[in-house]
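# What the coordinates show
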Amino acid sequence: MAYLSPVNRLTAIYTDRDTTVAFSGHRRIVAPVQSSLFHGAEIIDPEHFSNTVASKLDKALEGLVGEGYHTFLCGMAAGFDLMAGMAVRRLIRAGYPVDLLALVPHPGQAARFGERDREDYEKVLASASGIYTVCPEYRQDCFHLRNDLLVAHSSVLVCCYDGTPGGTRYTVKKALKAGHRVVNLL
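Residues numbered from 1 in each chain as written. Predicted model: local features only at pLDDT ≥ 70, side-chain atom pairs only at ≥ 80, totals over all residues. Heavy atoms only, no water.

## So, helix α2 (residues 80–93)
In a regular helix each residue adds 1.5 Å, so 14 residues correspond to 20 Å; α2 covers 20 Å between its end C-alpha atoms and thus fits that length. For α2, a buried count of 11 out of 14 residues is recorded, marking the element as mostly surrounded by other parts of the structure. Listing the buried residues of α2 in full gives Phe80, Asp81, Leu82, Met83, Ala84, Gly85, Met86, Ala87, Val88, Arg89 and Leu91. Following α2 by one or two positions, Gly95 adopts a phi angle in the positive range, close to 95°. (Helix = DSSP H or I, 4+ residues; strand = E, 2+ residues; numbered from the N terminus. Expected span 1.5 Å × (residues − 1). Buried < 20%, exposed > 50% of the residue type's maximum accessible area, 1.4 Å probe, protein only.)

Next comes the structure, spelled out in structure tokens:
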């Protein structure tokens, strides 16, 4: 894996921003509680909700590829990032001419992932045409630095954002400020 030192962190990854898409989303993709004046609160089946987000993601990516986007940046976090990485992996396996770049915040990122997330993490890395490690070891700001790279090297952000505070909010705000097109799948 290439290490992005603080000096070259924003220039070491070459992408054509105009044809590059980044991903950001929550680590847990949780169905919101829907309320209705007529029926009270309804809890959506979490598996169905996750499958719905995955289906929307697949359709969004196919549409973006049809518009000429061909490079996809994945921040490699459990949850939506890996879901998006696996969706790009499916495009690659189906023969679409796309590149997947993995931006790993620090070595050992996946050490605390569950078994399925670790398996998906390895599959996404194996499909990536470039793997970049943002920091050589864990630092408190390594995730924000990764998110800054995602925005700096793309023009579209596909996200799964429910409005709550955290890294996804940070990234969405930064992308909007930079003039990115933001596609929220929620």
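Past the structure itself, the notes keep going.
## Some details on the pairing of strand β5 (residues 71–74)
On β5, burial covers both faces: Thr71 and Leu73 on one face and Phe72 and Cys74 on the other are all buried. When strand β2 (residues 20–25) meets β5, the two strands line up parallel, connected through 3 bridges. Paired with Ala22 across the two strands is Leu73, which belongs to β5. Sheet analysis places β5 next to strand β6 (residues 99–104), joined by 4 bridges and oriented parallel. Note that in β6 the partner of Cys74 across the bridge is Ala102. The parallel pair β5 and β6, bridged by α2, forms a crossover whose chirality is right-handed. (Pairing = 2+ DSSP bridges. Right-handed = clockwise from strand over helix to strand, strands pointing away.)

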